[in-house]
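Close look at the chain arrangement
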Amino acid sequence: MKKHIFLALFIITFCFAQKTTVYCIGDSTMANKKDPERNPEHGWAQVLQPCFNDNVVVVNKAVNGRSTKSFINEKRWDSIYKKLKKGDFVFIQFGHNDEKIEDSTRYTNPHTAYRYNLIRFVTETRAKGATPVLLTSIARRNFNDKGVLVPTHGDYPLETRLVAQEYKVPFIDLEYYTELLEQSYGPEKSKQLHLHFKAGENGYYDKDKADDTHLSLKGATAIAQIVINQIKFLEEPSVEKLKKQIK
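None of these values were measured; they are calculated from a predicted model. (Residues numbered from 1 in each chain as written. Predicted model: local features only at pLDDT ≥ 70, side-chain atom pairs only at ≥ 80, totals over all residues. Heavy atoms only, no water.)

Whenever strands of a sheet pair, they do so through backbone hydrogen bonds, lying parallel or antiparallel. The strand order S2-S1-S3-S4-S5 describes an open sheet built from 5 strands, whose pairing is parallel. Among the strands making up the open sheet, the edge pair consists of strand S2 (56–60) and strand S5 (171–172). Taken together, the 4 bridges between strand S3 (residues 89–93) and strand S4 (residues 131–135) define a ladder with parallel strand orientation. Across the sheet, residue Phe 89 finds its bridge partner in S4, namely Thr 131. (Pairing = 2+ DSSP bridges. Helix = DSSP H or I, 4+ residues; strand = E, 2+ residues; numbered from the N terminus.)

Quick look at the structure:
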C-alpha cells in the first residue's frame, strides 16, 4: 500500500513540476481587474490562460499604475525573482507609466533608467534559467481629426526594441501590432476595443466613460491573440517549449 501511495505522490509531483509558469509583469493594460464578471475592463494577460493547454500556468503579476521603477522599488520584481525556476517565462511590458514625468516615483528616462531596468529583468530572469520575452507597450486609441493614429509612447518602445536586439531577447512589437489593430477598426469602431460608455449604458459606470488606454474584454482578447500569434512566429530556440503548449 505504501508503495502505491508513494508512486501516486511521485507521479503527481512530477506532473506538477513539468508545468511551465509564464509570469506577466507590467501595467494596467496587462493586469487582472477585479470583479471580472461585471467589470468591462480587462487586461490582456488576464485572458491569456485559455490560449495555452494545461501544461502552462499564467501568473499575471502586472499591476495598475506601475512603471519599471515602481515595480522594482515596491519589491514586486524581487518576489517573482525568488520563485523563478528553470524553464519558466517572464513576459515584460512596461512604458505607459514610465512616461509619467510629473511623478518621481514612476518616471524613468527612457534612455537610462528604463533601459537598465529592462536589462535587469532580462539578466536576472536568465540567471534563474528562465526565458524573458520583451514586449512594447500597446498603442493608445489616439486618432487625430484626419483619422491618423498618433503614437504616444515616445522613445520607450525604441529602447525596448534596442534592448531586445542587443541582448538577443525574444521580442514582440506589441505597439506595432496594436496600431494595426486600432487602424483596422478605424476611429469610431476602435472604441469597442476600449472603454467608451454613456452614463447608464453600463451598470459598472454611473458617469460617461471615455478611456482610450485601457481595454474592454473584446480589446483584451484581441491583444492576447496577437501575443499568441507572434509567439508562434518567434524563431528563438528558447521559446520552442512554449510554442508547443499553445492550443
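Once that is clear, we can look at unusual backbone geometry. Located in the positive-phi region is Asp 35, a residue other than glycine, with phi close to 50°. Looking at where Asp 35 falls in the secondary structure, it is placed in the loop between strand S1 (20–26) and S2. The exposure class assigned to Asp 35 is partly exposed, which follows from its relative accessible area of 33%. For Lys 75, which is not a glycine, the phi torsion comes out positive at approximately 65°. By secondary structure assignment, the location of Lys 75 is in the loop between helix H2 (68–73) and helix H3 (76–81). Overall, the relative accessible area of 55% leaves Lys 75 in the exposed class. (Buried < 20%, exposed > 50% of the residue type's maximum accessible area, 1.4 Å probe, protein only.)

Quick look at the packing of aromatic side chains now. Enumeration over the complete set of coordinates arrives at 8 aromatic pairs. Where Trp 77 meets Tyr 81, the ring centres are 6.5 Å apart and the plane angle is 45°; that geometry is what we call tilted. Taken together, the residues Trp 77 and Tyr 81, both in helix H3 and 4 residues apart, mark about one turn of the helix. The interplanar angle of 65° and the centroid separation of 5.0 Å between the aromatic rings of Trp 77 and Phe 121 together place this pair among those described as edge-to-face. Here Phe 121 lies in helix H4 (residues 113–127) and Trp 77 lies in helix H3, a separation of 44 residues in the sequence. (Phe/Tyr/Trp six-rings, centres within 6.5 Å; stacked < 30°, edge-to-face > 60°.)

Attention shifts here to the pattern of salt bridges. The tally for this structure, following the rule as stated, stands at 16 salt bridges. Between Asp 103 and Arg 106 there is a salt bridge whose closest N-O contact spans 2.8 Å. Beyond isolated ion pairs, a larger network of salt bridges with shared partners links Arg 66, Glu 74 and Arg 76. (Salt bridge = Lys/Arg side-chain N within 4 Å of Asp/Glu carboxyl O.)

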